[in-house]
Amino acid sequence: GAVVSQHPSRVICKSGTSVKIECRSLDFQATTMFWYRQFPKKSLMLMATSNEGSKATYEQGVEKDKFLINHASLTLSTLTVTSAHPEDSSFYICSARDVHLSGEKLFFGSGTQLSVL
Amino acid sequence: GENVEQHPSTLSVQEGDSAVIKCTYSDSASNYFPWYKQELGKRPQLIIDIRSNVGEKKDQRIAVTLNKTAKHFSLHITETQPEDSAVYFCAASIGYGKLTFGQGTILTVHP
């Protein structure tokens, strides 16, 4: 099946710094990628839809200036957590849709555990 | 927007028994319903999915049923094994890959 690579898998940073997370579709083109946030023992909450070549669409309540999304190519989307605070600590996970091969199926990255000190 | 409710939140069964997890959705336009299995700290893995033009789908020990009229769908796992222990999520989509997830069910299969 299609492979989605996400890096880093784990990051620890100080409050006030910015952290960039990369999501790559390795063997397919993804015009759309999705970013989720997951707290321990909780569900995946959609943060934003990343669209190649255009602005991301953010879900209600998600600060677009805090969670910057860039989808500059058909295989790469990045999420930057700006001026991170301890409450931003969470598991962030991306997914991508291979329109040509899998229709509605989504393929998930391996996730990034962010810890802000 | 879409709202997906999932029950139960925890489910404990003996090895060999069946497990059933149920979900309801609110948006009648939803037409794709996947189920994911997630182990701690890992990515969700698609285990089975169903589209709105189908009422039931089966893959070995796993089956999913969909009742469009009632707007609910269920996951059935038969002959459970300890390795089935994980968190299971249902989801619903109106298309374009945008999923709304249920709250998750922690399944524990006791040997």
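Cut-offs and rules
Residues numbered from 1 in each chain as written. Chains lettered and ligands numbered in written order. Predicted model: local features only at pLDDT ≥ 70, side-chain atom pairs only at ≥ 80, totals over all residues. Heavy atoms only, no water. Buried < 20%, exposed > 50% of the residue type's maximum accessible area, 1.4 Å probe, protein only. Helix = DSSP H or I, 4+ residues; strand = E, 2+ residues; numbered from the N terminus. Pairing = 2+ DSSP bridges. Contact = heavy atoms within 4.5 Å. Salt bridge = Lys/Arg side-chain N within 4 Å of Asp/Glu carboxyl O. Polar contact = N/O pair within 3.5 Å; in protein donor to acceptor, adjacent residues only side chain to side chain. Nonpolar A, V, L, I, M, F, W, Y, C, P; charged D, E, K, R; others polar.

A word on the pairing of strand β1 (residues 4-7) of chain B. Residues and elements named next belong to chain B. Side chains V4 and Q6 project from β1 onto a buried face, and the interleaved E5 and H7 project onto a face without burial. Here β1 runs beside strand β3 (residues 19-25); their pairing, made up of four bridges, is antiparallel. Within β3, the position partnered with H7 by the bridge is K22.

Taken together, the contact pairs 20 residues of chain B with 19 residues of chain A. Linking chain B with chain A are two salt bridges, by the criterion used here. With a closest N to O distance of 3.3 Å, K105(A) and D49(B) form a salt bridge. Across the chain B-chain A interface, the total number found is six residue pairs in polar contact (both at pLDDT 80 or more). Elements represented by at least two residues in the side of chain B that touches chain A include exactly β4 (32-38), β5 (45-51), β9 (86-93) and β10 (99-101) of chain B. Looking at the side of chain B that touches chain A, its residues break down into eight nonpolar, seven polar and five charged.

When their charged atoms lie close together, side chains carrying opposite charge are able to pair. One pass over the structure, following the stated rule, counts six salt bridges over all chains. One salt bridge connects D84(B) with R61(B), and the closest N-O pair in it is separated by 2.9 Å. In this pair, D84(B) is assigned in the loop between β8 (72-77) and β9 and R61(B) in the loop between β6 (56-59) and β7 (62-67), connecting sequence segments 23 residues apart. Residue R61(B) is classed as partly exposed on the basis of its relative accessible area, which comes to 22%. Shared partners join several salt bridges into a network, and the residues in it are K105(A), D49(B) and K57(B).

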